[in-house]
Amino acid sequence: MKIDALATPALVIDAGRLDFNIKEMARALPGDRLRPHVKAHKCTEIAKLQALAGHRGFTCATIRECEGMVAAGLGEDLLLANELVDARRLGALVANRARVTLAVDSLESIAAAASGGVHEVVIDVNVGLQRCGCDPGEAGRLADVARSRGLEVRGVMGYEGHVVGLEDASERARLCRESMELLLAAHAQVGGSLVSAGGTGTYDCNTWATEIQAGSYALMDVAYGRLGLPFRQALFVDAIVISSCSQWSVADAGLKAFGMDHGNPEAEGADVWFCSDEHVTFGPPRRVGDMLRLVPAHVDPTMAYHERVHLVSGDDVLETWPIDLRGW
Ligand SMILES: Cc1ncc(COP(=O)(O)O)c(C=O)c1O
C-alpha cells in the first residue's frame, strides 16, 4: 500500500527514524538503565521494539496501560508511576503473575495498594513538579508505614517534569541536579534499589537516578525538537489540502488530530496560522489535493487521539498498528 491511499488525517511513523531513536537511546541507557514510559506512544508494537532493544521494565501512567502491556506479554516489571485510591485492577494483574509496582505518596494510597493486592511499591517524592509525590522529608515515614502493611518498598521515584522541557541545557542540568538532591535525600531514608526519575529532556544529564523513565524520545515532537537532542522526528500527521485561496490553504487535520497544549503543529515550508476542529489553516497556499505533512507539538496526547498509526518508509506503508493502550 502507498501512503497516498491512507485516509486523512493519517498518523504516520517513519520506520527508519523510530529505529534510530530506539537504538540511540539503548546505546546511551542500555537495559535496565531505561524504563521506557509507554504513555508517550500507547502502542504495544512500539513497546515490543523497546523490549527487543533490551529494556525489560516499563513505566505506565494508567491502569489500562498496565493491563494492555500484560496482555501483550510485556508484564515482566511494570511501574505504575501514578497514585491510585483503588488498586484492585492492578492486584488482579499481580494475582495473574505480572509484576506491577505502584507509586504511593500518602497513607491512603498505601492502604489502597495493600488492600488491592499490590505487593510492591515505590515512594513517590515531589521533586518540584508540584504534581504527585510526598514531601521529601515524609518519604521515610511512609516507607515504614508501607512495610508495616506488608508491602515491599523497592525505592523511590521523583519525576522532574518541570525541568525536562527547558530549552537551556545548562539550566536543565542545574535544576535536574537540585531535584535529584531532594530525591536522593528521600532515598537515604527509604532504602531499596530503585531511584526512578527522568524523561527525554534529562536522559543524559540525570546521572543520579538508577533508571530513567523517558518516553517521548521514540517519536519526538516540536517541543522536544527544540532541545537539540540526538533523537529524530519520527511522528507525523499527514493531511490533504481541501481548500485554497490566493493567500492561504486549508488541510484536513485540526485540533482533534493533535495534542495542542504545547502549541500548533509545524510543517516544513509552511507557516501554520491556526487549527480549528477539523482544519489547519496555513500559508503560503498550495494546490487542492496536495499532501501536507505536519509535526505534532506534543506527542503523548496526539497518540491518544488516534486509533491507529501507520509505519511508513518513503511512500510505502509497511504496517498499521493499533494504539491499543488508549483509555483508562
Ligand atoms: C512520571 C513520568 N515519568 C517520566 C515522564 C517522561 O516522559 P518524556 O520522555 O516524555 O519526557 C513523564 C512524562 O510526562 C512522566 O509523567
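Just so we're clear, the structure is a prediction, and the values are computed from it rather than from any experiment.

Caption draft 1: Layout of the environment of D277. Within the secondary structure layout, D277 lies in the loop between strand 12 (271-276) and strand 13 (279-283). Residue classification places D277 among the partly exposed positions, given a relative accessible area of 40%. For the pair D277 and A257, spaced 20 residues apart in the sequence, the C-alpha separation amounts to 8.4 Å.

Caption draft 2: Geometry of the domain arrangement of the chain. Taken domain by domain, the chain consists of domain 1 (3-11 + 231-322) and domain 2 (16-219). Between the C-alpha centres of domain 1 and domain 2 there is a distance of 31 Å. There are one salt bridge connecting domain 1 and domain 2. Residue D300 pairs with K39 through a salt bridge whose shortest N-O separation is 3.2 Å. Where domain 1 touches domain 2, the interface holds six residue pairs in polar contact (both at pLDDT 80 or more). Looking at the side of domain 1 that touches domain 2, the elements that each hand over two or more residues are strand 9 (235-244), helix 9 (299-305) and strand 16 (316-322).

Caption draft 3: Geometry of the site of the ligand. In the region of the ligand, the neighbouring residues are H37, K39, R131, Y159, G198, G199, T200, Q213, A214, G215, S216 and Y224. In the model, an oxygen atom of the ligand is placed 2.4 Å from a nitrogen or oxygen of the S216 side chain. Against a free-state accessible area of 390 Å², the protein chains account for coverage of 92% of the ligand. Of the residues belonging to the shell around the ligand, the class tally is three nonpolar, seven polar and two charged.

Caption draft 4: Just unusual backbone geometry, in detail. In the segment running from T8 into P9, the intervening peptide bond is cis, with an omega of 0 degrees. Relative to the elements of secondary structure, P9 occurs in the segment before strand 1 (10-14). Cis geometry marks the peptide bond from G283 to P284; its omega dihedral reads -10 degrees. Checked against the element boundaries, P284 lands in the loop between strand 13 and strand 14 (291-295). Phi is positive for R97, close to 75 degrees, though the residue is something other than glycine. One can find R97 in the loop between helix 4 (88-95) and strand 4 (100-104). Of the residues examined, R97 reaches a relative accessible area of 79% and is grouped as exposed.

Reading the values: rules and limits
- Residues numbered from 1 in each chain as written.
- Predicted model: local features only at pLDDT ≥ 70, side-chain atom pairs only at ≥ 80, totals over all residues.
- Heavy atoms only, no water.
- Helix = DSSP H or I, 4+ residues; strand = E, 2+ residues; numbered from the N terminus.
- Buried < 20%, exposed > 50% of the residue type's maximum accessible area, 1.4 Å probe, protein only.
- Domains from an automatic or database assignment.
- Salt bridge = Lys/Arg side-chain N within 4 Å of Asp/Glu carboxyl O.
- Polar contact = N/O pair within 3.5 Å; in protein donor to acceptor, adjacent residues only side chain to side chain.
- Near = heavy atom within 4 Å.
- Areas by Shrake-Rupley, 256 points an atom, 1.4 Å probe, with all protein chains shown as cover.
- Nonpolar A, V, L, I, M, F, W, Y, C, P; charged D, E, K, R; others polar.

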